[in-house]
Each structure stands twice: as C-alpha cells, then as structure tokens.
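A structural walkthrough
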Amino acid sequence: NAGVTQTPKFQVLKTGQSMTLQCAQDMNHEYMSWYRQDPGMGLRLIHYSVGAGITDQGEVPNGYNVSRSTTEDFPLRLLSAAPSQTSVYFCASSLKQGSIQPQHFGDGTRLSIL
Amino acid sequence: ILNVEQSPQSLHVQEGDSTNFTCSFPSSNFYALHWYRWETAKSPEALFVMTLNGDEKKKGRISATLNTKEGYSYLYIKGSQPEDSATYLCASEMYSGGGADGLTFGKGTHLIIQP
C-alpha cells in the first residue's frame, strides 16, 4: 500500500518555465489537497478537491492550477514559475471532506525557481 | 482566513521530563482540530483528530485535550524521549455552508529532547 505518492522529489526550474507536480493516492480517498511549506509560515493550503471533477481554491491559489479527472490523481500545475514559488510542496488526502479523519501526506516535492 | 497559533515556537526539554504546548484557534464555526508530528526530512504524521469539547485522546506517552468554547488544545508528552524530537503541528478545520473547509495549520512547536 503506497499511500500518497508525490513526484518528483526535487526540481529546479527557471523563471517562466512550467511544470506539473504529480500526486497519486491508492486509498480511494475523495479529499485531496496541496500545501506549500515556507520557513516561518507553516503549511498553507493552495487548492483542494472533494472528489473527481471538483476543485476549489485554498489560501494561496495564485499562480497554480489543479484538476481532478480521477479519484486517484491530483496534479498541481505551475503555468509560469516565479521565484516566489520556491517552496516545499506537500500533497495530502483523506477519506472525504468533513469525515473527521486525519490527512495522509506525501513525502513532499522540493522546488527551486531560479 | 483562520488564525491558528501555537506556542511556544520551540522548546528544549531534558530527556525524561514531561512537557506540554498549546494550540489556539478561532472557536466560531469549529469543526475539528488535528495534531500532527513532523520529523525532519519526513512527511507530517497524524496523531489525533478531535471534535468534541472536553475530548481527551491518548497515544502512548502523548495525549491531547480540547476546549472548543475557548478555542484551545494542549498536547502533552510524558517522560520525553529523544525520538520525540520533532515539530508538532496543529490544524483547525472550520465548518462552512458546504461542509468542512480545508485545514488551517499553525506554524508548529519545534521540540528538542536533550539526552
């Protein structure tokens, strides 16, 4: 049972490049979310999804796009990377929205924008 | 935007001592309070999810209490061990019209156990 899998683990981009951070879970969880973690800021919610075909914005959505075409996958897209997006990104999933269940986190993607 | 505060920011504790730290959160529209343990170079790992006022949960030497009326939760570690060294995160889940929103995390309490 792999849980939540994030790829890649590390990535360096140039300003203006685009890329997709992948997130997949094999627990049949309906709820998936993306967070970024910056020094002194704690984890901040970027986007979340309560099920296939449904996404919504979190606290810091600007510069990021998401889609949820399947229950298993929730990719995060940076359309035009900026240095301010240098961060560690975590994907998380839980059974369903409001289920009072803990979130399961992936191992993170460390992204540097030059 | 919710404001979840954790204190202290960091804590040094002697091995064998007990310790506790605080998470405060807005009490209006409260849905659930989560505690996670986050070791360096790993991903956050769930400790507790609490919903009821007065609730107390325990996992080994770690326990947590919840006061939803005044908006705070305490995490206690009894007889600290070096392996307890980690950052402890709390996160509040708020109820909105469509159900519970995503988690709002505090900045964490960084705990260092000194042998």
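Preceding this paragraph is the structure being described.
Below is a summary of the structure that appears in this document. Predicted model, so just to flag it, every value in this text is computed and none were measured. (Residues numbered from 1 in each chain as written. Chains lettered and ligands numbered in written order. Predicted model: local features only at pLDDT ≥ 70, side-chain atom pairs only at ≥ 80, totals over all residues. Heavy atoms only, no water.)

1. Points about the overall build of chain B
For clarity, the threshold we go by: Helix and strand assignments come from DSSP, with helices taken as H or I runs of at least 4 residues and strands as E runs of at least 2, each series counted from the N terminus. As a reference, a globule follows 2.2 Å times the number of residues to the power 0.38, and the radius of gyration itself is taken over C-alpha atoms. With a 1.4 Å probe rolled over the protein chains alone, any residue whose accessible area is under 20% of its type maximum counts as buried; one over 50% counts as exposed, and the rest are partly exposed. Contact definition: two residues touch when any of their heavy atoms are within 4.5 Å. Just so you know, the count uses Lys and Arg for positive and Asp and Glu for negative, and it drops His and the chain ends. The atoms used to mark charge sites are NZ of Lys, CZ of Arg, CG of Asp and CD of Glu.
The helix and strand tally for chain B stands at zero helices and 11 strands. For chain B, the C-alpha radius of gyration of 14 Å lies close to 13 Å, the compact-globule estimate for 115 residues. Considering only C-alpha atoms, chain B reaches an extent of 50 × 30 × 20 Å along its principal axes. Burial analysis of chain B (115 residues in total) assigns 50% to the buried set. Put simply, of all contacts in chain B between residues at least 6 apart along the chain, 54% involve residues at least 24 apart. Of note, chain B has its 9 positive side-chain charges centred 3 Å away from the centre of its 12 negative side-chain charges.

2. Topic: the sheet that holds strand β8 (residues 72–77) of chain B
Residue and element names in this part refer to chain B. What counts here: A pair of strands is considered paired only if DSSP assigns at least 2 bridges between the two. Structural elements are reduced to axes, namely lines fitted to C-alpha atoms, with helices fitted over the stretch in contact, and the angle between N-to-C directions of any two is expressed from 0 to 180 degrees.
Strand order in the open sheet formed by five strands is β1-β3-β8-β7-β6, and the pairing between neighbours is antiparallel. Each edge of the open sheet is held by one strand with a lone partner, namely β1 (5–7) and β6 (56–59). The average angle at which neighbouring strand axes cross in this sheet is 15°, direction not considered. Bridge count between β1 and strand β3 (residues 19–24): three bridges; the pairing is antiparallel.

3. A few points about unusual backbone geometry
Backbone torsion omega between Thr7(A) and Pro8(A) reads -5°, so that peptide bond is classified as cis. Structurally, Pro8(A) is set in the loop between β1 (4–7) and β2 (10–13). At the junction of Ser7(B) and Pro8(B), the peptide bond is cis and its omega measures out at -5° in the coordinates. Mapped onto the elements, Pro8(B) comes out in the loop between β1 and β2 (10–14). Backbone geometry at Ala41(B) places phi at a positive 70°, although glycine is not the residue there. Considering the arrangement of structural elements, one finds Ala41(B) in the loop between β4 (30–38) and β5 (45–50).

4. Some thoughts on the environment of Gln9(B)
Residues and elements named next belong to chain B. Looking at where Gln9 falls in the secondary structure, it is placed in the loop between β1 and β2. By relative accessible area, Gln9 is classed as exposed at 64%. Through-space distance from the C-alpha of Gln9 to that of Ile62 is 19 Å; in sequence the pair is 53 residues apart. Setting aside anything within four residues of it in sequence, one finds Gln9 in contact with Gly108, Thr109 and His110.

5. Observations concerning the sheet that holds β1(A)
All names here are of chain A. Taken together, four strands build an open sheet; the order of strands is β1-β3-β8-β7 and the sheet is antiparallel. Two strands close off the open sheet at either side, each with one partner strand: β1 and β7 (64–66). With strand direction ignored, the average angle separating the axes of adjacent strands in the sheet is 20°. Relative to strand β3 (residues 19–25), β1 is paired through four bridges, and the arrangement is antiparallel. Residue pairing in the sheet places Gln6 in a bridge with Cys23 of β3.

6. Let's talk about the nonpolar core
Using the following cut-off: In these notes, a set of buried Ala, Val, Leu, Ile, Met, Phe, Trp, Tyr and Cys residues joined through side-chain atoms within 4.5 Å is what counts as a nonpolar core.
Grouped together as the largest cluster of nonpolar side chains are 22 residues, with contacts concentrated most on Phe21(B), Leu33(B), Trp35(B), Phe48(B), Leu75(B), Tyr88(B) and Leu111(B). Contributing elements (two or more residues each) for this core: β2, β3, β4, β5, β7 (62–67), β8, β9 (86–96) and β11 (109–114) of chain B. Counting 19 residues, the second-largest nonpolar core is a separate cluster that includes Phe74(A), Leu76(A), Ala81(A) and Tyr89(A).

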